[in-house]
Amino acid sequence: MTSTPSPPLDLNNIQGDILSGLPKKTQVYVFFNVVNVGKFRSDLKKFVPLVKTVAEVLKDRDDIADHKKKKLPGLLPIVGVNIAFSHKGFVKLGIDDSTLAPKGADDPFQLGQQKDAVKNLNDPVKSDGNPDWDSHFLQDIHGLIIISGDTHLSIEKKKLEIELLFGVPTPLASIKEVISIVGDVRPGDESGHEHFGFLDGISNPVVNGFDTVINPGPKTVDPGVVLTGHPGNPGDPITRAPWATDGSFLVFRWLFQQVPEFNEFLKAHPIAKDGNGKVLTPEEGSDLLGARMVGRWKSGAPIDIAPFQDDPALGVDPTRNNDFAFTGEINSQLRCPFAAHVRKTNPRNDLEVPPSPIPPIPVEGRRIMRRGVQFGPELTKDENTSGKTQHSRGLLFTCYQSNITNGFQFLQQSWANNDKFPPFETQPEDPGLDPLIGQGTRAMSGLDPNAEQTVLGMPTFIIPRGGEYFFSPSLKGLKETIAATA
């Protein structure tokens, strides 16, 4: 994909979580419905000054870095707020969102994730035809307010301030809360790691014209891959209304992780020898199995670079931990299985430099900006002993893109859920689903580096229990259109 010159980004007009990520130790997602349209649009005018922009987030991050450099005690009391709306929310408000995405039954934003989960995402379905989700997400949801901060107390104070702005809990309230979900960064050494234990958030795209530090790794992307109304998004010829510029589509997924079961699976299927023939202890074999399922060691080190032994220093080095392209073995799963989570969701040279005579397929337009946070407690002693989940935990998955069809939906449907992807390898066995987020019957090849064709079936480790598609408007869009008098 050829980079197209883009006008300078207005960092005071873009909501902060999109490009820079709201700083957080804890976060609450408040899903709401509008119950009084006129009052809501009036209340929204008072709310907009609370919305943190990218420019403000960058200032917050500088302040945090200075706080750490001076070795000052505690955390800075920083809180950030963003807001987004579903298609049903725009309909409720009388906002014409027809230029956000192509009209039609196939557009995921207009369809809504509840229907898309059944039609395209392949989420488990109940007998009534609805996805097997928590009941709160089987009803209409008009909007989402994200509040990020340093402590639960900071978050609760800001949430109370926002509720008062919208008249909650009085009879004159303009919104009604559907559900609030709290997420927390994991404690101590597990900070930055998701509940299975793997370092997360390493491979977000680098955006031209915004990011100033460009470490070795995948190609950079133009702003239009993440932001609406900017060049660089292939297959997105939409001419959007002015208010729809500088926004981004927010995909939310409530993902429950079966951590004790995942750990038991690794213990039950240790790899006997590494790719060099070295005999492994059961613990080493289990660690290698997990690394080959994910595509990284728990430290964050990619197995395409460190295929058979963890390298923690590599894992935390941003100049090296994303600098790989699956080119070590042509058409081979020796170093990294084709279905490994990291390879499924960003296939790099599998598509961009495929075996001849297959033409290259650019992947930059499929990139998503991943945010989100973990929820739920750490494993208990009883869970570790029994190998059974007793407490809910997982990921409040959030990602941003300028086109859901090109981004999240494509990655889930065409890559993660496709047991034949990537399609260019010549092995007699199909790669299998993404072992973590793939929806369907899980069976994966290439896990044993000494026997690439061995197929290992596995249970479900991540269960989707809700979600929705939203649009995060610009500050101008919020002020001049959504909060404007109808």
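Criteria and thresholds
- Residues numbered from 1 in each chain as written.
- Predicted model: local features only at pLDDT ≥ 70, side-chain atom pairs only at ≥ 80, totals over all residues.
- Heavy atoms only, no water.
- Axes fitted to C-alpha atoms, helices over the stretch in contact; angles between N-to-C directions.
- Helix = DSSP H or I, 4+ residues; strand = E, 2+ residues; numbered from the N terminus.
- Contact = heavy atoms within 4.5 Å.
- Nonpolar A, V, L, I, M, F, W, Y, C, P; charged D, E, K, R; others polar.
- Phe/Tyr/Trp six-rings, centres within 6.5 Å; stacked < 30°, edge-to-face > 60°.
- Buried < 20%, exposed > 50% of the residue type's maximum accessible area, 1.4 Å probe, protein only.
- Lys NZ or Arg CZ within 6 Å of the ring centre and 35° of its normal.
- Salt bridge = Lys/Arg side-chain N within 4 Å of Asp/Glu carboxyl O.
- UniProt positions renumbered as here; feature names shortened; annotations may be inferred.
- 1 Å grid on protein atoms, 1.4 Å probe; cavity = no way out; pocket = protein on both sides within 12 Å on 5 of 7 lines; lining within 4 Å.
- Points joined across faces, edges and corners; volume = space filled by probe spheres on them.
- Expected span 1.5 Å × (residues − 1).
- Arc of directions from axis to C-beta.

Enquirer: Got a minute to help me understand the packing of helix 6 (residues 113-121) against helix 14 (residues 408-416) in this structure?
Expert: For any two helices packed against each other, the geometry comes down to the angle between their axes and how far apart the axes lie. Following both chains from N to C, one finds helix 6 and helix 14 inclined at 35°, their axes separated by 10 Å at the closest point. From helix 6, D116, N120 and L121 reach across to helix 14, where they touch F408, Q409, Q412 and Q413. Residues that form the contact of helix 6 with helix 14 fall into these classes: 2 nonpolar, 4 polar and 1 charged.

Enquirer: When you look at the environment of E56 in this model, what are you seeing that I'm missing?
Expert: Mapped onto the secondary structure, E56 falls in helix 3 (residues 54-69). It is 41 Å that separates the C-alpha atoms of E56 and P337, two residues lying 281 residues apart in sequence.

Enquirer: What's the story with the packing of aromatic side chains in this structure? I'm lost.
Expert: We describe a pair of aromatic rings using the distance from one ring centre to the other and the angle between the two ring planes. For the structure shown, the criterion picks out 30 aromatic pairs. Taking 6.0 Å as the distance between ring centres and 20° as the angle between the ring planes, the aromatic pair formed by F137 and F252 counts as stacked. On the criterion of sequence distance, the pair formed by F137 in the loop between helix 6 and strand 3 (143-149) and F252 in strand 5 (residues 248-257) is long-range, its members being 115 residues apart. Note on F198 and F262: the rings are 6.4 Å apart at their centroids and 80° apart in plane angle, and the pair reads as edge-to-face. Here F262 lies in helix 8 (residues 259-268) and F198 lies in the loop between strand 4 (175-184) and strand 5, a separation of 64 residues in the sequence. Look at F198 and you get buried, because its relative accessible area is 6%. An aromatic cluster is defined as three or more aromatic residues linked by ring pairs; in this entry it consists of F32, F40, F47, F85, F90, F109, F166, W243, F249 and F471. Of note, R366 hangs over the ring of F410, and the distance from its end group to the ring centre comes to 3.6 Å.

Enquirer: Sorry, what's going on with the pattern of salt bridges here?
Expert: It is possible for side chains of opposite charge to pair when their charged atoms get near one another. A full pass over the atoms with the stated rule returns 21 salt bridges. A salt bridge links E190 to R186; its shortest N-O distance comes to 3.2 Å. Residue class for E190 comes out partly exposed when judged on its relative accessible area of 29%. Among the salt bridges present, the one from E378 reaches R186, with a minimum N-O distance of 2.7 Å.

Enquirer: Where do I start with the UniProt feature "domain: Dyp-type peroxidase C-terminal" (unreviewed entry) in the protein in this structure?
Expert: With numbering aligned to this structure, UniProt lists the feature "domain: Dyp-type peroxidase C-terminal" (unreviewed entry) at residues 364-421. In this annotation, residues 364-421 is assigned 26% helix and 22% strand; the end-to-end C-alpha distance for the span is 17 Å.

Enquirer: Explain unusual backbone geometry to me, please; I cannot follow it from the model alone.
Expert: Apart from glycine, the bulk of residues carry a negative phi angle, and the bulk of peptide bonds sit in the trans form. Between V168 and the following residue, P169, the backbone shows a cis peptide bond with an omega angle of 10°. Mapped onto the fold, P169 is located in the loop between helix 7 (152-165) and strand 4. For the bond running from F421 to P422, omega is 0°, close enough to zero to count as cis. Topologically, P422 is positioned in the loop between helix 14 and strand 9 (443-445). Phi at F326 is positive, roughly 60°, even though this residue is not glycine. Locating F326 in the fold gives a position in the loop between helix 10 (312-315) and helix 11 (341-345). Taking the relative accessible area as the measure of exposure, F326 reaches 5% and is therefore buried.

Enquirer: Would you mind going over the layout of surface pockets with me for this structure?
Expert: Regions of empty space are outlined by a rolling probe, equal in size to a water molecule, passed over the atoms. Size it by volume and the second largest pocket reaches roughly 260 Å³. Lining the second largest pocket are 17 residues, with D287, W297, F308, Q309 and D310 positioned closest to its centre. Sort the elements by how many residues they give to the lining of the second largest pocket and helix 9 (residues 282-294) lands first, with 5 residues. When grouped by side-chain class, the residues that make up the lining of the second largest pocket number 6 nonpolar, 5 polar and 6 charged.

Enquirer: Help me out: how do you make sense of helix 3 in this one?
Expert: An α-helix turns once per 3.6 residues; consequently, residues spaced three or four apart project the same way. Across its 16 residues, helix 3 extends 22 Å between first and last C-alpha, which sits within 8% of the 22 Å expected from 1.5 Å per residue. Those residues of helix 3 that fall on the buried side of the exposure criterion are V54, V57, D60 and H67. Down the axis, helix 3 shows its buried residues gathered within 130° of arc, on one side only. Turned more than 90 degrees away from the buried face of helix 3, the exposed residues are D62 and K69. Looking one or two residues beyond helix 3, the residue adopting positive phi is K71, at roughly 55°.

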